[in-house]
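Here are the chains, one letter per residue:
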Amino acid sequence: MEEGRLERLRHSASHIMAEAVQDLFPGTKLAIGPATAEGFYYDFDRTEPFTPEDLERVEARMREIVSGDYPFACKVVGREEALAFFEERGEDYKVELIGATPAEEPLSFYEHDHFIDFCKGPHVARTGDVRAFKLLSVAGAYWRGDEHNKQLQRIYGTAFETQAELEDYLARLEEAKKRDHRRLGRDLDLFSIQEQSGPGLIFWHPKGAMIRKLIEDFWRDEHIKRDYHFAYTPHIASIELWHQSGHTSNYKDSMFSPIEVEGQQYMLKPMNCPFHIQIFRSHLRSYRDLPFRLAELGTVYRYERSGVLHGMLRVRGFTQDDAHIFCTPDQAKAEIIKVIDLVFFMMRAFGYEDFDVELSVRGPSDRAKYLGGDEDWAYAEAVLAEAMEEKGVPYKRMEGEAKFYGPAIDVKLMDSLGRPWQGPTIQFDFNLPQRLDVTYIGDDGKEHYVRMIHRAIIGSMERFVGGLIEHYGGAFPLWLSPVQALILPIADRHHEYAHEVKRRLQAESFRVEVDARNEKTGYKIREAQLQKIPYMLVIGDREVAAGAVAARLRDGSDLGAVPIADLMGRMKEEARIPSSGA
Ligand SMILES: [Zn+2]
Ligand SMILES: [Zn+2]
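Residues numbered from 1 in each chain as written. Chains lettered and ligands numbered in written order. Predicted model: local features only at pLDDT ≥ 70, side-chain atom pairs only at ≥ 80, totals over all residues. Heavy atoms only, no water.

(A) Highlighting the coordination of the zinc ion (ligand 1). For the zinc ion (ligand 1), every protein donor is listed as His-11 (NE2), His-15 (NE2) and Cys-119 (SG), and the spread of their distances is 2.0 to 2.3 Å. Taking the relative accessible area as the measure of exposure, His-15 reaches 1% and is therefore buried. Overall, Cys-119 belongs to the buried group, its relative accessible area being 9%. (Donors = N, O, S within 2.8 Å, 3.2 Å for Na, K, Ca; no water. Buried < 20%, exposed > 50% of the residue type's maximum accessible area, 1.4 Å probe, protein only.)

(B) Here's a closer look at the pairing of strand E15 (residues 317-327). Most of E15 is tucked away: 11 of the 11 residues are buried. Residues Gly-317, Thr-319, Asp-321, Ala-323, Ile-325 and Cys-327 point to one face of E15 and Phe-318, Gln-320, Asp-322, His-324 and Phe-326 to the other, with burial holding for every one of them. Sheet analysis places strand E14 (residues 292-301) next to E15, joined by 10 bridges and oriented antiparallel. Residue pairing across strands places Thr-299 opposite Thr-319, the latter belonging to E15. As paired strands, E15 and strand E22 (residues 451-460) are joined by 7 bridges and run antiparallel to one another. Considered in E22, the bridge of His-324 is made with His-454. (Helix = DSSP H or I, 4+ residues; strand = E, 2+ residues; numbered from the N terminus. Pairing = 2+ DSSP bridges.)

(C) Representation of the domain arrangement of the protein in the model. Domain parsing of the protein yields domain 1 (5-175), domain 2 (212-233 + 269-472) and domain 3 (478-574). The distance between the C-alpha centroids of domain 1 and domain 3 comes to 56 Å. (Domains from an automatic or database assignment.)

(D) How the structure looks around the coordination of the zinc ion (ligand 2). Within the protein, the atoms that donate to the zinc ion (ligand 2) are Cys-273 (SG), His-324 (NE2) and His-454 (ND1), at distances of 2.0 to 2.2 Å. In the primary sequence, the donor residues of the zinc ion (ligand 2) line up as C-x50-H-x129-H. Pair noted here: Cys-273 is in helix H10 (residues 273-280) and His-324 is in strand E15, with a separation of 51 residues, a long-range link. Among the residues examined, His-324 registers a relative accessible area of 0% and is labelled buried.

(E) Structural view of the environment of Glu-462. Inspection of the secondary structure puts Glu-462 in helix H14 (residues 461-472). Through-space distance from the C-alpha of Glu-462 to that of Ile-239 is 27 Å; in sequence the pair is 223 residues apart. Aside from chain neighbours lying at most four places away, what touches Glu-462 is Ile-202, Trp-204, Arg-212, Met-312, Gly-317, Phe-318 and Thr-319. (Contact = heavy atoms within 4.5 Å.)

(F) Geometry of a nonpolar patch on the surface. The grouping of Ile-236, Ile-259 and Val-261 at the surface amounts to a nonpolar patch, some 200 Å² of accessible area in total. Residue position: Ile-259 is located in strand E12 (residues 259-261). (Patch = residues over 30% accessible without salt bridge, like charges linked within 9 Å, V, L, I, M, F, W, Y side chains within 5 Å. Areas by Shrake-Rupley, 256 points an atom, 1.4 Å probe, with all protein chains shown as cover. Salt bridge = Lys/Arg side-chain N within 4 Å of Asp/Glu carboxyl O.)

(G) View of the packing of helix H3 (residues 79-88) against helix H4 (residues 92-99). Closest axis-to-axis distance for the H3/H4 pair is 8 Å, and the angle between their directions is 160 degrees. With respect to H4, the element H3 is oriented roughly antiparallel. Crossing handedness for the pair H3 and H4: left-handed. Of the residues in H4, those in contact with Arg-79, Ala-82, Leu-83, Phe-86 and Glu-87 of H3 are Lys-94, Val-95, Ile-98 and Gly-99. (Axes fitted to C-alpha atoms, helices over the stretch in contact; angles between N-to-C directions. Parallel < 35°, antiparallel > 145°, perpendicular 65-115°, else oblique. Left-handed = near helix turned anticlockwise from the far one by under 90°.)

(H) Local environment of the packing of aromatic side chains. Counted by the stated rule, this structure contains 26 aromatic pairs. Relative to Phe-109, the ring of Phe-85 lies with its centre 5.3 Å away and its plane at 50 degrees, an arrangement referred to as tilted. In this pair, Phe-85 is assigned in helix H3 and Phe-109 in strand E4 (residues 107-112), connecting sequence segments 24 residues apart. Here Phe-85 matches Phe-109 in class, with each residue buried. Seen from their ring centres, Trp-377 and Phe-430 are 5.8 Å apart, and the 85 degrees between their planes marks the pair as edge-to-face. With Trp-377 in helix H12 (residues 374-390) and Phe-430 in the loop between strand E19 (420-429) and helix H13 (432-435), this pair connects stretches of sequence that are 53 residues apart. (Phe/Tyr/Trp six-rings, centres within 6.5 Å; stacked < 30°, edge-to-face > 60°.)

(I) Seen up close, the packing of helix H1 (residues 5-24) against helix H2 (residues 52-68). H2 packs onto H1 with a crossing angle of 115 degrees between their chain directions and a minimal axis gap of 9 Å. For the crossing formed where H1 meets H2, the hand is right-handed. Residues Ala-13, Ile-16, Met-17, Glu-19, Ala-20, Val-21, Asp-23 and Leu-24 of H1 pack against Arg-57, Val-58, Arg-61, Met-62, Ile-65 and Val-66 of H2. Residue classes in the contact of H1 with H2 are distributed as 10 nonpolar, no polar and 4 charged. (Nonpolar A, V, L, I, M, F, W, Y, C, P; charged D, E, K, R; others polar.)

(J) Just the state of the cysteines, in detail. This model, assessed by the stated rule, comprises 0 disulfides. Cys-327 takes part in no disulfide bond, and the closest cysteine sulfur, belonging to Cys-273, lies 15 Å away. (Disulfide = S-S within 2.5 Å.)

(K) Fine view of the sheet that holds E4. Read across the open sheet, the 3 strands follow the order E3-E4-E5; overall the sheet is antiparallel. Each edge of the open sheet is held by one strand with a lone partner, namely strand E3 (73-77) and strand E5 (115-118). Between one strand and the next, the sheet's axes are offset by a mean angle of 25 degrees, whatever the strand orientation. Sheet analysis places E3 next to E4, joined by 5 bridges and oriented antiparallel. Counted as the bridge partner of Val-77 is Leu-107 from E4. Contacting E3, E4 and E5, H3 runs over the sheet at an angle of about 45 degrees to E4.

(L) The pattern of salt bridges, seen in detail. Under the criterion given, the structure shown has 46 salt bridges. One salt bridge connects Arg-348 with Glu-353, and the closest N-O pair in it is separated by 3.7 Å. When its relative accessible area of 42% is taken as the criterion, Arg-348 is described as partly exposed. Judged by relative accessible area, which is 51%, Glu-353 ranks as exposed. Through salt bridges that share partners, Arg-212, Glu-216, Arg-220 and Glu-462 make up one connected network.

(M) Inspection of the sheet that holds E12 at higher detail. Spatially, the 3 strands line up as an open sheet ordered E11-E13-E12, and their pairing is antiparallel. Because the sheet does not close on itself, it has two edges, and the strands there are strand E11 (236-238) and E12. Across the sheet, the mean angle from the axis of one strand to that of its neighbour is 40 degrees, orientation sign disregarded. In this structure, E12 lies alongside strand E13 (residues 264-268), joined through 3 bridges in antiparallel fashion. When the bridges of E13 are listed, Glu-260 appears paired with Gln-265.

(N) Examining the side chain of Lys-524 more closely. The topology assignment puts Lys-524 in helix H16 (residues 521-530). Despite its burial, Lys-524 pairs with no opposite charge, the nearest such side chain being Asp-515 at 4.0 Å. Leave out the neighbours within four places in its chain, and Lys-524 touches Leu-488, Pro-489, Asp-515, Ala-516, Arg-517 and Glu-519. (Lys, Arg positive; Asp, Glu negative; His and termini not counted.)

Next up, the structure:
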């Protein structure tokens, strides 16, 4: 496809939609209507809310405009003429936009049928080119994205070159809705957010908590194999610590207000770094003690506006799988390589196969906003780049994307629907050690600043599990399934044997439940399938007599009668936790 073609098509669809809206709902004012990565939208100012029926009518009117096959025409206009045109129509937002355009910039109108918009373009040739489109939803949106401004109504839609592409997109959208972690989180009873406790705070229910425990066990084992030490640190600390670490000057907007205790101010921690530094500094360290790798599943609190909170993905309290590696400059590259190995091993263990890796570095023109000298930066950027090159990891260099204290590797995970998720990060830091005076004694007997690597692999436990729910569509692999097998006795006389099977499976550490309710077996099986339980073990007279179970899988397949020993062998094989061999 020609470059920008899809964007032109979608932007043209937004003009057609705006015409349709104004035809059907006279007096509606226009704000802006751009193309987006997935489609297009237009923001409208109208008192009455748009209903789903309204969207259908708009869509029908759009089809008429498309059938009319009107040409899109561009005309350059003078500032006076442009302002007069929209003032006369009461289009306040357009008047404001024209007013905000630099005087030297030429102004253009795009016109089709009887609709004229203030617009840079470009557009497709004719309205008839917009064949495959669909309106999707309405949402509130503030003028210029500022919550102090008036709230407008944003109608979202999408458009594609062909009907087949559109249908494919709509099918994926439908699948994404079914997998929405908020919906599955409720249906599978994994987690909740409690109105009474406040927004953005996650309650892990027993099944969600089991998934988290399994992830944490796996995570700890892998860190032990890789010579990490663990730490537990407090959730709050005196404001003095945050002054010293620079958080109250650089990070204050993301922190909760202080808590006063006995005349002393405390703050909830937004990061674990200063705590790990305190542990490192509790001893005099020599170069022989390095690298020192300190890891913690550390719960942090960050203030996010309530408007941006979203299920488990944007929250106010979350647990990071944080680690800080303290090392000498010479050790940095080898340490980064080890972290890269751990990143890809762990992400593959959770079924992620496609990654987008970015190296965030300083921009060429904005050097002033970064802490530290050119030499330190050049060294740190080179270390990260060389580590990825040695591991053969393809990456994109993101100029100007580095944090103020150092460059970073950011890994995006592509899920089973091809959507990107924020994943592991590895940050190189030579600034905090200087600021907080974190040193070791070198082989020259002198004091040197350590280098620090901040790294999180899971990232946020909440966001990661939210992502996993959608990635697996709630059907977790056996090793992560909170309930691995559900035993279904057909009649009361099978209960004793059902509990015996349960005990045998539990003795092998399987997570098993018995559904002893007085319901039809078919009904219980359907329910277990909806709960995405991997194994359903039905027990009747024949199974009791044979010392077997009638095993079914959640995908509907029927394994027939399986002796208990065979079943356990099969499950053990399938539930094997991925091993790194590190
Ligand atoms: Zn436009
Ligand atoms: Zn850190």
